[in-house]
Amino acid sequence: MMSSSPAVDVRDLCVVRGGREVLHRITFDVPRGAVVGLLGPSGCGKTTLMRALVGVQIVDSGTVTVLGDAAGSRGLRHRVGYATQTPAVYADLSVAENLRYFASVLRAPRSDVDRVVDEVGLGKQRDQVVSTLSGGQLNRVNLAVALLGTPELLVLDEPTVGLDPVLREELWELFRALADRGTTLIVSSHVMDEAGRTDRLLLMREGRVLADGAPEALRSRTGADDLEGAFLQLIKEHAGSPA
Ligand SMILES: Nc1ncnc2c1ncn2[C@@H]1O[C@H](COP(=O)(O)OP(=O)(O)OP(=O)(O)O)[C@@H](O)[C@H]1O
C-alpha cells in the first residue's frame with residue numbers, strides 16, 4: 001500500500017562541519033514522486049544536506065525523516081539510492097562487473113544490471129574496464145549503481161556534471177520517467193538551465209534555503225525573465241531582510 005507520509009521531511013536541521021555550522025535550521029518536505037532540484041553555489045551545503053538525507057552525516061540538531069523513518073535507519077538501506085559526486089566504483093572492474101557486484105551487495109535482482117546499463121546509456125561500454133571510461137561515462141556508472149534495486153528515493157549529487165547536452169537531456173528524461181513511476185528524486189546541480197526541468201526547486205545559499213517552490217512560481221514571484229535572474233533577485237531580497 002502506498003504510504004501518505006512525505007518522501008522527505010526535514011525539520012530545523014543544523015549541521016556542524018570542521019567546527020563551523022554549515023546548515024542553519026533547514027526545514028522543508030518533499031512529496032513522493034517529485035523531482036526536486038537542489039541548487040546553489042559551490043559550498044552552500046548541498047552535499048551536506050544530501051549526506052544528512054541518506055544518513056551518513058552527523059547532525060547537530062533537528063530531524064531528518066525519510067520515507068517515514070529516521071534517515072540512516074537500517075530499513076531504509078534498500079529503499080534509498082545515493083550517487084555521490086565522486087564516483088565510488090572499482091576502477092579495475094568492467095561496468096557490468098561493478099554492477100553485478102553492487103547488485104549482489106544490495107541484493108538487487110541480477111536482471112537489474114541490464115536494466116540500469118540501458119537506462120544510463122552505457123550499452124556499448126558494458127564490458128569496458130572502468131579506468132578507461134571518460135569522465136561522463138564514469139559518472140553514469142555511478143548513477144547506474146544508485147538505480148539498482150529500484151529505490152523509492154534517489155539522492156543524486158550533481159549527476160550531470162561533465163555530460164554533453166544530449167546526454168544531459170537523456171538523463172533528465174530518465175529522471176522524469178522514474179518520477180512518473182513514483183520514485184522521488186532529489187538532484188543537486190549548479191547549472192541553472194537544469195532547474196526548469198524540476199517540479200520543485202530548493203535554492204540554497206550559505207547553508208540556508210532561500211526559496212522553495214515550483215520553477216515557474218519562483219520566476220513569476222521575482223518578476224525575473226529566467227531562473228538565474230530569479231535567484232539573483234532572491235539573494236538581493238534575502239540580503240535586505242533581517243536575519
Ligand atoms: N569534511 C569537512 N570538514 C570541514 N568543512 C567541510 C567538510 N566538508 C564540507 N565542509 C564545508 O561545508 C560547507 C558546505 O559544503 P558542501 O560540500 O555541502 O557544499 P556544496 O554546496 O555541496 O558544494 P559543491 O557544489 O562545491 O559540491 C562548505 O563551506 C565546506 O567547506
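Computed from a predicted structure; not experimentally measured.

Re the sheet that holds strand E5 (residues 69-70)
Spatially, four strands are ordered E2-E1-E4-E5 in an open sheet, and the strand pairing comes out antiparallel. A strand with exactly one partner marks an edge of an open sheet, and here the two such strands are strand E2 (20-30) and E5. In this structure, strand E1 (residues 8-17) lies alongside strand E4 (residues 61-66), joined through five bridges in antiparallel fashion. Among the inter-strand pairings, Cys 14 is bridged to a residue of E4, identified as Ser 61. Helix H1 (residues 46-54) contacts E1, E2 and E4 of the sheet and is inclined by roughly 120° relative to E1.

Let's talk about the site of the ligand
Taken together, 13 residues surround the ligand, and among them Gly 18, Ser 42, Lys 46, Thr 47 and Thr 48 come closest. Counting residues per element, the shell around the ligand draws most heavily on H1, at three residues. Looking at the shell around the ligand residue by residue, the classes come out as two nonpolar, nine polar and two charged.

Points about the environment of Glu 152
Within the secondary structure layout, Glu 152 lies in the loop between helix H4 (135-147) and strand E7 (153-157). The exposure class assigned to Glu 152 is partly exposed, which follows from the 19 C-beta atoms found within 10 Å. It is 9.4 Å that separates the C-alpha atoms of Glu 152 and Ala 179, two residues lying 27 residues apart in sequence.

With respect to the pairing of E7
Burial of E7 is extensive: five of the five residues sit out of reach of the surface. Covered by surrounding structure in E7 are Leu 153, Val 155 and Asp 157 together with Leu 154 and Leu 156, the residues of both alternating faces. Direction of pairing for E7 relative to strand E8 (residues 184-189): parallel, over a ladder of five bridges. Among the inter-strand pairings, Asp 157 is bridged to a residue of E8, identified as Ser 188. Note on the crossover from E7 through helix H5 (residues 165-180) to E8: the handedness is right-handed.

Considerations on the confidence of the model for the protein
Put simply, the protein has an average pLDDT of 91, and 98% of its residues get 70 or more. Per the prediction output, this complex has pTM 0.92; the corresponding ipTM is 0.96.

Concerning helix H3 (residues 112-119)
An α-helical segment advances 3.6 residues per turn. Residues three or four places apart therefore align on the same side. For H3, the complete set of buried residues consists of Asp 112, Val 113, Val 116 and Val 117. Down the axis of H3, the smallest arc covering the buried residues is 130°, so these residues share one side. Contacts made by the buried residues of H3 are with helix H2 (95-106) and H4. Two residues or fewer past H3, Gly 121 is found with a positive phi of approximately 70°.

A short note on the packing of H2 against H3
Viewed as axis vectors pointing N to C, H2 and H3 meet at an angle of 130°, and their least axial separation amounts to 9 Å. Relative to H3, the element H2 lies oblique. As H2 runs across H3, the sense of the crossing is right-handed. Here Val 95, Ala 96, Leu 99, Arg 100 and Ala 103 of H2 lie close against H3, whose contacting residues are Asp 112, Val 113, Val 116 and Val 117. Here the contact of H2 with H3 is composed, by residue class, of seven nonpolar, no polar and two charged.

Digging into the environment of Arg 79
Turning to its location among the elements, Arg 79 is positioned in the loop between E5 and strand E6 (80-83). Separated by 46 residues in sequence, Arg 79 and Gly 33 have C-alpha atoms that sit 14 Å apart. Those residues in contact with Arg 79, other than ones at most four positions away along the chain, are Leu 67, Pro 151, Glu 152 and Leu 153.

Some points on the packing of helix H7 (residues 215-222) against helix H8 (residues 227-240)
Where H7 contacts H8, the axes come no closer than 9 Å and their chain directions differ by 60°. Taken together, H7 and H8 sit at an angle that is classed as oblique. Judged by the twist between their axes, the crossing of H7 over H8 is left-handed. Of H8, the residues touching H7 (which contributes Pro 215, Leu 218, Arg 219 and Thr 222) are Leu 227, Ala 230, Gln 233 and Leu 234.

Quick word on the sheet that holds E7
The mixed open sheet is built from six strands, whose spatial order is E6-E7-E8-E3-E9-E10. Pairing within the sheet leaves two strands with one partner each, and these edge strands are E6 and strand E10 (208-213). Strand after strand, the sheet turns through a mean of 15° between neighbouring axes, direction not considered. Looking at chain direction, strand E3 (residues 35-39) and E8 are connected through five bridges and run parallel. Following the sheet pairing, Val 36 is matched in E8 by Ile 186.

Thresholds, definitions, all that
Residues numbered from 1 in each chain as written. Predicted model: local features only at pLDDT ≥ 70, side-chain atom pairs only at ≥ 80, totals over all residues. Pairing = 2+ DSSP bridges. Helix = DSSP H or I, 4+ residues; strand = E, 2+ residues; numbered from the N terminus. Contact = placed C-beta atoms within 7 Å. Axes fitted to C-alpha atoms, helices over the stretch in contact; angles between N-to-C directions. Near = placed C-beta within 6 Å. Nonpolar A, V, L, I, M, F, W, Y, C, P; charged D, E, K, R; others polar. Buried ≥ 20, exposed ≤ 12 C-beta atoms within 10 Å, placed from the backbone. Right-handed = clockwise from strand over helix to strand, strands pointing away. pLDDT = per-residue confidence, 0-100. Arc of directions from axis to C-beta. Parallel < 35°, antiparallel > 145°, perpendicular 65-115°, else oblique. Left-handed = near helix turned anticlockwise from the far one by under 90°.

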